[in-house]
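# Inside the fold
Listed here are the chains, written in short residue letters.
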Amino acid sequence: MPEKSEKPGKTMRNKVALIGGGEKNLGGLLSRAFAASGAKVVVHYHGSQSEAEETVRAVEEAGGQAVAVQGDLTKVADVRRLFDTAVDTFGGVDVAVNTTGMVLRKPILETTEDEYDRMFGINAKAGFFFIQEAGRRLNDNGRIVSIGTSLLAAFTDGYATYAGGKAPLEHFTRAAAKEFADRGISVNVVAPGPMDTPFFYPQETPERVEFHKSQAQGNQLTHIEDIVPVIEFLVTDGWWFTGQTLFPNGGYTTR
Ligand SMILES: NC(=O)c1ccc[n+]([C@@H]2O[C@H](COP(=O)([O-])OP(=O)(O)OC[C@H]3O[C@@H](n4cnc5c(N)ncnc54)[C@H](OP(=O)(O)O)[C@@H]3O)[C@@H](O)[C@H]2O)c1
């Protein structure tokens, strides 16, 4: 077992952090927050190049270092190229957070084979190979976090391929937590409640948005600012917390 760091703390100085979907929304805020704590950041993006460039620019303007890398993470070769780029650019990786995902709200009877494959491609397959490659490439005492959804703990309709596609992350995470523990690498899932980002709204009606708000503290959706500190806790030195799913919801931060 590698040596433990001395004291818990929020600093990420001398760390390299790779963020899947690190260009915008939750991942974009994580990129900026990790950089502000001293990490060098690898900002992965899929289709949103301008947001990735904007995030890299913001990190650099604040005095940090970041690089943007495009990739379709449903392709294992792209997952490997992403980690290769991190190692080639910054000499190693300490923290890998996968925020990628895709949502679909559709009854089982109407769901097509193509929709099923796309949902499981990004939510489950990409999640698996991200953890696999992180396990191969992370430095000792590294940190892996995957983003699930609070639907993992829900009993609801319409989200079979979304919640079902995210559900394997918990099992991949438990297995990886055991398999990587002797190198001091922790592996966890953070599963937020409904978050106020453009990801959330297209599949919801105004009435359902109000219902979700009514179920949360302060009658508001979860903010990305509520979730970032939970992930910071998991990835900074001094804590040992592995193989778990955290279900943080919102209501704390106000705008
Ligand atoms: N917003 C919510 O209500 C909510 C609640 C609980 C959990 N979550 C989870 O939180 C995470 C972040 O969500 P968010 O709200 O911040 O929205 P988001 O920014 O749209 O996050 C999804 C990310 O996945 C990327 N992605 C999609 N397909 C991909 C592919 N084939 N290869 C690589 N990347 C791909 C998207 O890139 P492109 O857009 O360029 O394709 C985007 O960067 C997601 O995993 C989501 O499931 C969201």
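Model, not experiment: these values are computed from the prediction.

### Thoughts on the overall build of the protein chain
- On a plain count of helices and strands, the protein chain comes out with eight helices and seven strands.
- For 255 residues, the compact-globule formula gives about 18 Å, and the C-alpha radius of gyration of the protein chain, at 17 Å, lands near that figure.
- By the burial criterion, 42% of the 255 residues in the protein chain qualify as buried.
- Residue pairs in contact within the protein chain that sit at least 24 positions apart in sequence constitute 73% of those at least 6 positions apart.

### Section: the site of the ligand
- Near the ligand lie 26 residues; those nearest to it are G21, N25, G47, G101 and F199.
- Tallied by class, the residues present in the shell around the ligand amount to twelve nonpolar, twelve polar and two charged.

### Looking at the environment of T55
- For T55, the position within the fold is in helix α2 (residues 49-61).
- In this structure, the C-alpha to C-alpha distance between T55 and G91, residues 36 residues apart in sequence, is 21 Å.
- Leave out the neighbours within four places in its chain, and T55 touches G22, E23, G28, S31, R32 and V43.

### What about helix α6 (residues 168-180)?
- Helix length check: α6 (13 residues) gives 18 Å between terminal C-alpha atoms against 18 Å at 1.5 Å per residue, within 8%.
- When α6 is considered as a whole, its buried residues turn out to be L169, F172, T173, A176 and F180. Angular distribution of buried residues about the axis of α6 spans 100°; they occupy a single face of the element. Seen from the open side of α6, the exposed residues pointing more than 90 degrees away from its buried face are H171 and K178.

### With respect to unusual backbone geometry
- Although it is not a glycine, N25 sits at a positive phi angle of roughly 50°.
- Mapped onto the secondary structure, N25 falls in helix α1 (residues 25-36).
- Positive phi, normally seen in glycine, also occurs at N219, with a value near 50°.
- Secondary-structure assignment places N219 in the loop between α7 (206-214) and α8 (224-235).

### Details of the sheet that holds strand β7 (residues 245-246)
- Strand order in the open sheet made by the seven strands is β3-β2-β1-β4-β5-β6-β7, with parallel pairing throughout. Among the strands making up the open sheet, the edge pair consists of β3 (66-70) and β7.
- Lying over the sheet, α8 contacts β4 (93-98), β5 (138-147), β6 (186-190) and β7, oriented at roughly 155° with respect to β5.

### What to know about the packing of helix α4 (residues 113-137) against α6
- The interhelical angle for the contact between α4 and α6, taken along N-to-C directions, is 10°, at an axis separation of 10 Å. Considering their axes alone, α4 and α6 lie roughly parallel with respect to each other. For the pair α4 and α6, the sense of crossing is right-handed. In this structure, α4 contributes A124, G127, F128, I131 and G135 to the contact, and α6 contributes P168, L169, F172, A176, E179 and F180.
- Counted by class, the contact of α4 with α6 contains eight nonpolar, two polar and one charged residues.

### A word on the pairing of strand β1 (residues 16-20)
- Counted residue by residue, β1 has five buried out of five residues, so it is predominantly covered.
- Of the two faces of β1, the one carrying V16, L18 and G20 and the one carrying A17 and I19 are both buried.
- Taking the sense of rotation as the criterion, the β-α-β connection linking β1, α1 and strand β2 (residues 40-45) turns out right-handed.
- Bridging between β1 and β4 involves four bridges; their strand directions are parallel. Bridge pairing links G20 to N98 in β4.

### Topic: the pairing of β3
- Bridging between β2 and β3 involves five bridges; their strand directions are parallel. Directly across from V42, in β3, lies its bridge partner V67.
- Regarding topology, α2 serves as the crossover connection from β2 to the parallel β3, and that connection is right-handed.

Thresholds applied
Residues numbered from 1 in each chain as written. Predicted model: local features only at pLDDT ≥ 70, side-chain atom pairs only at ≥ 80, totals over all residues. Helix = DSSP H or I, 4+ residues; strand = E, 2+ residues; numbered from the N terminus. Rg over C-alpha atoms; globule rule 2.2 N^0.38 Å. Buried ≥ 20, exposed ≤ 12 C-beta atoms within 10 Å, placed from the backbone. Contact = placed C-beta atoms within 7 Å. Near = placed C-beta within 6 Å. Nonpolar A, V, L, I, M, F, W, Y, C, P; charged D, E, K, R; others polar. Expected span 1.5 Å × (residues − 1). Arc of directions from axis to C-beta. Pairing = 2+ DSSP bridges. Axes fitted to C-alpha atoms, helices over the stretch in contact; angles between N-to-C directions. Parallel < 35°, antiparallel > 145°, perpendicular 65-115°, else oblique. Left-handed = near helix turned anticlockwise from the far one by under 90°. Right-handed = clockwise from strand over helix to strand, strands pointing away.

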